[in-house]
Amino acid sequence: KAGVTQTPRYLIKTRGQQVTLSCSPISGHRSVSWYQQTPGQGLQFLFEYFSETQRNKGNFPGRFSGRQFSNSRSEMNVSTLELGDSALYLCASSLGGENNEQFFGPGTRLTVL
Amino acid sequence: DQQVKQNSPSLSVQEGRISILNCDYTNSMFDYFLWYKKYPAEGPTFLISISSIKDKNEDGRFTVFLNKSAKHLSLHIVPSQPGDSAVYFCAASGTSNDYKLSFGAGTTVTVRA
């Protein structure tokens, strides 16, 4: 069974631009969660989508948004990029029930110059 | 507000000895706890979990202990192997936060030959 895939793996943008990251979950998984990882901060939860609906949201500004398609694939968008948005963005998929393991993709490394 | 804390950013251990990683949490409503392991340039991979109805769960060389009264859990790796060198994240969830995983900042383990 194929794992979680994320594209692109690496991205360089400049301040003020916007970016869209993509995540394809494991087949059969209906939940996709997004996390931001920065040095010393661990993984900060962005949001979770389940069956095309945002089910949970972290404490990030409105510049961070996402969506999920009918095939469970998900995209995350960051508008008006700031230098502090440079991070590893991880996507995780799960079946979506309580206490289901989350399986992570390799991440997208975003650098904002 | 960091609800899951890993107060040791790094740990160095001799090959063959025990590695003990610690994690504290503040939300008494958390009822499911997980450990993830992360190598550079890869996403975190699930290692072991424990539900709040247990105080110990063992899987091969990995054992997780949960002390609910102290809001503390630990991961023991015995014996430690060079391939165990990675960043370890503690995570917690509960019905109070709707399946969202809250992660600690991680502990970098280095196993010395």
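What you see is a predicted model, and the numbers here were worked out from it, not measured in a lab. (Residues numbered from 1 in each chain as written. Chains lettered and ligands numbered in written order. Predicted model: local features only at pLDDT ≥ 70, side-chain atom pairs only at ≥ 80, totals over all residues. Heavy atoms only, no water.)

Visitor: What am I meant to see in the overall build of chain B here?
Guide: The helix and strand tally for chain B stands at 0 helices and 11 strands. Element order for chain B, N to C, with α for helix and β for strand: β-β-β-β-β-β-β-β-β-β-β. Over its C-alpha trace chain B gives a radius of gyration of 13 Å, about what one expects of a compact globule, namely 13 Å for 113 residues. With respect to the principal axes defined by its C-alpha atoms, chain B has extents near 45 × 30 × 20 Å. Within chain B, the fraction of its 113 residues that count as buried is 46%. Contacts in chain B between residues far apart in sequence, at least 24 positions, make up 54% of those at least 6 positions apart. When the accessible surface of chain B is split by element, carbon and sulfur atoms take 49% of a total near 5,200 Å². (Helix = DSSP H or I, 4+ residues; strand = E, 2+ residues; numbered from the N terminus. Rg over C-alpha atoms; globule rule 2.2 N^0.38 Å. Buried < 20%, exposed > 50% of the residue type's maximum accessible area, 1.4 Å probe, protein only. Contact = heavy atoms within 4.5 Å. Areas by Shrake-Rupley, 256 points an atom, 1.4 Å probe, with all protein chains shown as cover.)

Visitor: Before we go on, may I ask you to explain the pattern of salt bridges in this structure?
Guide: A complete count under the given rule lists 8 salt bridges over all chains for this structure. Residue A:E75 pairs with A:R67 through a salt bridge whose shortest N-O separation is 3.2 Å. The class for A:R67 is partly exposed, based on a relative accessible area of 46%. B:K56 serves as the salt-bridge partner of B:E58, at 3.9 Å between the closest nitrogen and oxygen. (Salt bridge = Lys/Arg side-chain N within 4 Å of Asp/Glu carboxyl O.)

Visitor: Whenever I open this one, the pairing of strand β8 (residues 72-77) of chain B confuses me. Can you help?
Guide: Within a regular strand, the side chains alternate between the two sheet faces. All names here are of chain B. With respect to burial, β8 is a largely interior element, 5 of its 6 residues being buried. Bridge count between strand β3 (residues 19-25) and β8: 6 bridges; the pairing is antiparallel. Paired with C23 across the two strands is L73, which belongs to β8. (Pairing = 2+ DSSP bridges.)

Visitor: How do you make sense of the sheet that holds β8(B) when you look at a structure like this?
Guide: Pairing between sheet strands relies on hydrogen bonds along the backbone, with the strands arranged either parallel or antiparallel. Taken in spatial order, the 5 strands of this open sheet run β1-β3-β8-β7-β6 (chain B), and their pairing is antiparallel. Edge positions in the sheet fall to β1 (4-5) and β6 (56-59) of chain B, since each has one partner strand and no second.

Visitor: Can you help me understand the interface of chain A and chain B in this one?
Guide: Put simply, an interface is often sized by how much accessible area is lost when its parts join up. The partner chain B presents 21 residues to the 22 residues of chain A that form the contact. Summed over the shared surface of chain A and chain B, the number is 2 residue pairs in polar contact (both at pLDDT 80 or more). Of all elements in the fold, only β4 (31-38), β5 (42-50), β6 (53-57) and β9 (87-94) of chain A reach the threshold of two or more residues within the side of chain A that touches chain B. With 5 residues, β5(A) is the largest single contributor of residues to the side of chain A that touches chain B. (Polar contact = N/O pair within 3.5 Å; in protein donor to acceptor, adjacent residues only side chain to side chain.)

Visitor: Help me understand a nonpolar patch on the surface in this model?
Guide: Together, B:I18, B:I20 and B:V78 line one region of the surface with nonpolar side chains, adding up to about 230 Å² of accessible area. Mapped onto the secondary structure, B:I20 falls in strand β3. (Patch = residues over 30% accessible without salt bridge, like charges linked within 9 Å, V, L, I, M, F, W, Y side chains within 5 Å.)

Visitor: Please explain the pairing of β4(A) as it appears in this structure.
Guide: Residues and elements named next belong to chain A. With 8 of 8 residues buried, β4 lies mostly within the body of the structure. Of the two faces of β4, the one carrying S31, S33, Y35 and Q37 and the one carrying V32, W34, Q36 and T38 are both buried. Strand direction decides the pairing type here: β4 and β5, joined by 8 bridges, are antiparallel. Across the sheet, the residue bridging to T38 is G42, located in β5.

Visitor: Explain the state of the cysteines here, please?
Guide: Between two cysteines, a covalent bond joining their sulfur atoms is known as a disulfide. Residues and elements named next belong to chain B. Under the criterion given, the structure shown has 2 disulfides over all chains. Paired through a disulfide, C23 and C90 show a sulfur-sulfur distance of 2.0 Å. Handedness here is read from the sign of the S-S torsion; for C23 and C90, about -70°, the answer is left-handed. Separated by 67 residues along the polypeptide, C23 in strand β3 and C90 in strand β9 (residues 86-93) bring together distant segments of the chain. Summarising the burial analysis for this pair, C23 and C90 share the class buried. (Disulfide = S-S within 2.5 Å.)

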